[in-house]
Amino acid sequence: MNFEQIYSPSPDFSNRYISPEKLFSYLQTNLGDYIQEIGKSYLNKPIYQLSIGSGNIQVLAWSQMHGNESNATHAMIDLLTSLDKAPEMKEDLFSKIRLDFIFMLNPDGSERWTRLNATDIDLNRDFHNEASKEIKFLKNAASSKKYDYALNLHEQRTIFTTDGIHPATLSFLAPSENVERTVTENRKKCMAVIGNVYNHLKEMIPDQIGRYSDEFYPTSTGDNFIKAGMPTILFEGGHFVNDYTRKGTRKYYTIALYYALKAISELNSDTTGWETYLEIPENKETHYDIIYRNVKLNTEHECILDIAVQYREMKEEGKGEISFIPFVMEAGDVKKRKGWLEVDCTGKKFVSANKYPKLDAVVDFTIED
C-alpha cells in the first residue's frame, strides 16, 4: 500500500490558519502520551514537542518557526491521522526511527499570522544572537542528543516556479556548510533522502518540485546545524495553481514528509542515490499573483502600462481566517514576469483612487470599458 492511498487530512484543522490554543487543545487531547512542554514563548504560550517511535535513528523536526507557515503543522497532524488507518505502515516506520517533532516553534507569530515572533525577530536569522527565547529551545533540543537528521520545515511565496511555467509546489534543500557550497558527506546524506522523495513525488506533481538556493546564510538555522555536523533538510511548501488555501500543497507536503522519514529509516545515513538531487530544477523567481496587461490609466496624458499585483496574507483581529490583500508591486513594462492570473485590459481604463498607482500600496481601483 502506498501512503498517498491512505492520506487523510485531519478534519480538526480544515483552515490554513491554526489557532495556537486549538492546536494545544488537540495535542493534549489526542497526543497527550507523546508530548511534553519544552518551553514558553515570549507571550507565555507553551511550545510542545511530540516524541514518537522506538527506533535507533534519531530525527528532529520543527514547524512554524515562521508563524505564517502552517503547512508543516498540518502535515505532521495529517501524517499521524493517516498512519492511524494503516497500523502496519506506522509500526514499520516508527520501529526504525525516533521522531522528536516541535509543533509551532513560534506560537506568538502563529497567533498573529506573522513571520516574526512577538518581539519582531526572525527566528531563522537568530541562531547566533539568541535574542529570542524560542530559538534557544530549538537549540537546546538539538543538543539534547545526537540526532542523525533534522527537518527544517517552511513555506515559500507564490513567486517561485521550477521552470518559469509550473509553480514550485514543493522545494527542497541540502543546505551548504560554507560559502563555497562544498558537497560534503553530510550534504550527500540529505541529498540522498531528497532524491528518494523526488522519485516518489515527481509523477504525482510533475514539474512542480524544485531545489531551493544553496547559498550559505551565516545566521540561518539549517546552515548552522549542518555546519555543526547534523544533516539538515529544508522543506519549502509553495503554490498550487488556483489554490491559495494550500490544501493541495498540504497533501503533497504530508506525502513528502512521510517519504522523507521512510527514506531516512531505510538509508540509515547511506548516501546511495544522492546524485538524483542534482536533477531537481532550481527555483526560479518568475511570477506575480496577478498582472494587468496593457492598462490605460485614466490620466490627462495617454499612458499604457502593466500593473503587477501580489497578495499579502493578513489575519484580521478577532477572526480565525486569512485575508488576501492585493498590493501593487510593479507598474510599467512588466515583461520579465508572468502572472498566475493575467488580465488583458486592452480597450479598458484603469481607474485608480490615486492619480498614479503607488508601488507597494494596497490596490484600490476599478477596470472600466
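Everything below is about the structure printed above this text.
A brief structural summary. Nothing here was measured: the structure is a model prediction, and the numbers come from that model. Here the residue numbers are simple positions, counted from 1 along each chain's written sequence. Confidence filtering applies because this is a predicted model: local features only for residues at pLDDT of at least 70, side-chain atom pairs given and counted only at 80 or more, and all residues used for totals across whole chains, interfaces and linings. Based on all heavy atoms of the structure, the side-chain values leave hydrogens and waters out of the count.

1. Quick word on the sheet that holds strand S7 (residues 170-173)
One open sheet accounts for eight strands, arranged S1-S2-S4-S3-S5-S9-S7-S8; its pairing is mixed. Sheet topology places strand S1 (35-40) and strand S8 (209-211) at the edges, where each strand pairs with a single neighbour. Strand-to-strand twist of the sheet, defined as the mean angle between neighbouring strand axes without regard to direction, takes the value 20°. In this description, strands pair whenever DSSP reports at least two bridges between them. Going along the chain from the N terminus, every DSSP run of H or I of four or more residues is numbered as a helix, and every run of E of two or more is numbered as a strand. In this structure, strand S2 (residues 46-52) lies alongside strand S4 (residues 97-103), joined through five bridges in antiparallel fashion. Residue Leu50 lies in a different strand from S4, and its bridge partner there is Phe101. Here the axes come from fitting lines to C-alpha atoms, over the contacting stretch only for helices, and the angles between their N-to-C directions go from 0 to 180 degrees.

2. Details of the side chain of Thr169
Mapped onto the elements, Thr169 comes out in the loop between strand S6 (160-161) and S7. For Thr169, the side chain forms a polar contact with the side chain of Gln208, separated by 2.7 Å. A distance of 2.7 Å separates the side chain of Thr169 from the backbone oxygen of His239, its partner in a polar contact. In contact with Thr169, other than residues within four places in its own chain, are Gln208, Glu236, Gly237, Gly238, His239, Phe240 and Thr249. A 3.5 Å cut-off defines polar contacts: any pair of N or O atoms within that distance qualifies, except that in protein one atom must be a possible hydrogen donor and the other a possible acceptor, and neighbouring residues in sequence count only when both atoms are side-chain atoms. We call two residues in contact whenever any of their non-hydrogen atoms come within 4.5 Å of each other.

3. Overview of the side chain of Glu155
Assignment of secondary structure puts Glu155 in strand S5 (residues 149-155). In this scheme, a residue with accessible area under 20% of its type's maximum is buried, one over 50% is exposed, and one in between is partly exposed, where area comes from a 1.4 Å probe on protein chains only. The class for Glu155 is buried, based on a relative accessible area of 7%. Apart from residues lying up to four places away in sequence, Glu155 is in contact with Arg16, Glu69, Ser70, Asn71, Glu236, Gly237 and Arg246.

4. A word on the pairing of S7
Here S7 shows two buried faces, one formed by Leu170 and Phe172 and the other by Ser171 and Leu173. Pairing of S7 with S8, which is carried by three bridges, proceeds in the parallel orientation. Pairing of Ser171 across the sheet is with Gly210, part of S8. Whether a crossover is right-handed depends on one test, that the path from the first strand over the helix to the second runs clockwise when the strands point away from the viewer. Handedness of the crossover joining S7 and S8 through helix H7 (residues 185-201) is recorded here as right-handed. Bridge count for S7 against strand S9 (residues 232-237) is four bridges, and the pairing is antiparallel. Each residue of the ladder has a partner; that of Leu170, found in S9, is Gly237.

5. Some remarks on the packing of aromatic side chains
Stacked, edge-to-face and tilted labels apply to pairs of Phe, Tyr and Trp rings (six-membered ring for Trp) whose centres lie within 6.5 Å, assigned for plane angles under 30 degrees, over 60, and everything in between, in that order. Counted according to the given criterion, the structure contains 15 aromatic pairs. Plain terms: the ring middles of Phe127 and Phe225 are 5.5 Å apart, the flat faces sit at 85° to each other, and that makes the pair edge-to-face. Of this pair, Phe127 sits in the loop between helix H5 (107-112) and helix H6 (133-143) while Phe225 sits in helix H8 (residues 221-227), and the two are 98 residues apart along the sequence. Just as Phe127 is buried, Phe225 falls in that class too. Ring geometry for Tyr311 against Phe324: centres 6.2 Å apart, planes inclined by 75°, an arrangement best described as edge-to-face. Of the two residues, Tyr311 is situated in strand S12 (residues 304-315) and Phe324 in strand S13 (residues 322-332); the sequence distance between them amounts to 13 residues. Overall, the relative accessible area of 28% leaves Tyr311 in the partly exposed class. You can call Phe324 partly exposed: its relative accessible area is 28%.

6. Comments concerning the pairing of S12
Of the strand pairs in this sheet, strand S11 (residues 287-297) and S12 are connected by five bridges, and their pairing is antiparallel. Bridge pairing in S12 links Tyr292 to Ile307. Between S11 and S12, which pair antiparallel in sequence order, lie six residues. Two strands pair when backbone bridges link them, and S12 and S13 are joined in this way by ten bridges, in the antiparallel orientation. Counted as the bridge partner of Tyr311 is Pro326 from S13.

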